[in-house]
Amino acid sequence: MTTVTPALDAIDRRIVAATQGGLPLTPHPYAAIAADLGFDEAEVITRMGRMLAGGQIRRIGAVPNHYLCGMTANGMTVWDVDDAQIERLGGQVGALEFVTHCYERPRAPPLWPYNLFAMVHGANRAEVFDKTERIKALLGASCRASDILFSTEILKKTGLRIGAG
Amino acid sequence: MLDAIDRRIINELQGGVPLSHAPYAECAARLGLSEDELLARLGALLKSGALTRFGPLFNVDRMGGRFCLCAMAVPEARWDEVVAAVNAFAEVAHNYRREHALNMWFVLAVETPHGIAAARAAIARATGLEVHLFPKLREFFIDFRVSA
């Protein structure tokens, strides 16, 4: 897992709690958040800027729902890749333009021999299969086994829920 | 359902919304729209579900918390009951049904590093099923961007 960076302070956490559901759709959203919290707009902007620079905020913008945007096929492709090659090959798979997330994760044998996960989205399953063939070609003989797990239903999607601390 | 302007909004505003006094006006200018039209369209995209959210995307790892991908092999006969039991945990952020013996895949999002083990134990207790953890060992690339 990744390293722990300094925790946010209480004011940061109140800003996180106030914005995790989204920004207000009003012309001056940071001023509106600030007014709710009893700060001024500059404080909210400065602190969110610090969180953006520190990586606590990845980005600010639209979070689309793949399914309702027409990308209805979502395949979690999984691969059993030679450990000696995974750093190099994982980087190459992650760089493919159609791979949205790419991670090395532990195997859980015998049920789960796979150590590389690459999420592939497409308008339909055929498109996901085509893209998966490109990953297979890239991995070549360094890959011993693979599978595609299509999602058939979103059971829950709430995103992060963090308390005001 | 989405028209060309909706698609441009989704494709071009997945990041880079400024931290400024009038961010929507600035984004609207980039897209050649009025601020009012952009706000109305964002409201409609959120209402229709095409956008799940518009705002900051947080990285819980950098906030002292943890994400962990988990999977369970849920017997079909118990499916609905187990979905309800798992989804009832606030730590379960996303949950997907997938076609595999491991047929339920969810993400735990917790505020402290030890929260994953606690949530795993609580879910195992509530369901009587084993919870397999697949923490990320290495992240090669993340691009949350989606083409609409």
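Keep in mind that this is a model prediction, so the values were computed, not measured.

Cut-offs used in this document
Residues numbered from 1 in each chain as written. Chains lettered and ligands numbered in written order. Predicted model: local features only at pLDDT ≥ 70, side-chain atom pairs only at ≥ 80, totals over all residues. Helix = DSSP H or I, 4+ residues; strand = E, 2+ residues; numbered from the N terminus. Buried ≥ 20, exposed ≤ 12 C-beta atoms within 10 Å, placed from the backbone. Contact = placed C-beta atoms within 7 Å. Nonpolar A, V, L, I, M, F, W, Y, C, P; charged D, E, K, R; others polar. Pairing = 2+ DSSP bridges. Axes fitted to C-alpha atoms, helices over the stretch in contact; angles between N-to-C directions. Parallel < 35°, antiparallel > 145°, perpendicular 65-115°, else oblique. Left-handed = near helix turned anticlockwise from the far one by under 90°. Domains from an automatic or database assignment. Arc of directions from axis to C-beta. pLDDT = per-residue confidence, 0-100.

Caption draft 1: Quick peek at the overall build of chain A. Within chain A one finds 5 helices and 5 strands. Listing each helix as α and each strand as β along chain A from the N terminus yields α-α-α-β-β-α-β-β-α-β. Across the 165 residues that make up chain A, the buried fraction comes to 36%. Summarising the internal contacts of chain A: among those between residues at least 6 apart in sequence, 61% fall at separations of at least 24.

Caption draft 2: Region of the structure containing the interface of chain A and chain B. Each partner contributes residues to the interface: chain A has 70 residues there, and chain B has 67 residues. For the side of chain A that touches chain B, the elements supplying multiple residues, two or more each, are α1 (10-19), α2 (29-37), α3 (41-54), β1 (57-64), α4 (86-94), β3 (99-104) and β5 (143-157) of chain A. Take the side of chain A that touches chain B: its biggest share by element is 9 residues, from β5 of chain A. Tallied by class, residues from the side of chain A that touches chain B come to 36 nonpolar, 25 polar and 9 charged. Where β1 of chain A lies against strand β1 (residues 51-58) of chain B, 7 bridges are found, and the strand directions are antiparallel. Bridging across to β1 of chain B, P64 of chain A finds its partner in L51 of chain B.

Caption draft 3: Structural detail: the packing of helix α4 (residues 79-87) of chain B against helix α5 (residues 115-127) of chain B. Residue and element names in this part refer to chain B. Packing of α4 against α5 leaves a shortest axis separation of 10 Å and a crossing angle of 150 degrees. With respect to α5, the axis of α4 lies roughly antiparallel. Handedness of the crossing formed by α4 with α5: right-handed. On the side of α4, the interface is formed by V82, A85 and V86, while α5 contributes I123, A126 and T127. In terms of residue class, the contact of α4 with α5 is made up of 5 nonpolar, 1 polar and no charged.

Caption draft 4: Broad picture of the domain arrangement of chain A. Split by domain assignment, chain A resolves into domain 1 (10-54) and domain 2 (67-150). The C-alpha-based centres of domain 1 of chain A and domain 2 of chain A are spaced at 37 Å.

Caption draft 5: Up close: unusual backbone geometry. Residue P109 of chain A is joined to P110 of chain A through a cis peptide bond whose omega torsion reads 0 degrees. For P110 of chain A, the position within the fold is in the loop between β3 and β4 (116-122).

Caption draft 6: Quick look at the domain arrangement of chain B. Domain boundaries assigned for chain B yield domain 1 (4-48) and domain 2 (60-134). Relative to domain 2 of chain B, the C-alpha centre of domain 1 of chain B lies at a distance of 35 Å.

Caption draft 7: Geometry of α4 of chain A. Residues and elements named next belong to chain A. Listed in full, the buried residues belonging to α4 are I86, L89, G90, V93 and G94. For α4, the angular spread of buried residues about the axis comes to 135 degrees, placing them on one side. Opposite the packed face of α4, turned more than 90 degrees from it, sit the exposed residues E87 and R88.

Caption draft 8: Broad picture of the confidence of the model for chain A. Residues and elements named next belong to chain A. On average, residues of chain A carry a pLDDT of 88, and 88% of them reach 70 or more. Least confident of the elements in chain A is β5, whose mean pLDDT is 88; most confident is α2, at 97. Confidence drops under a pLDDT of 50 for residues 1-5, and excluding neighbours within four residues, the segment shows 7 contacts in the predicted structure.

Caption draft 9: Quick look at the pairing of strand β2 (residues 73-81) of chain A. Residue and element names in this part refer to chain A. Within β2, 9 of the 9 residues are buried, leaving the element largely enclosed by the surrounding structure. Burial of the side chains of β2 extends over both faces: A73, G75, T77, W79 and V81 are buried on one face and N74, M76, V78 and D80 on the other. Note: β2 against β4, 7 bridges, orientation antiparallel. The residue of β4 that forms the bridge with M76 is M119. Of the strand pairs in this sheet, β2 and β5 are connected by 7 bridges, and their pairing is antiparallel. Within the sheet, the bridge partner assigned to T77 lies in β5 and is I148.

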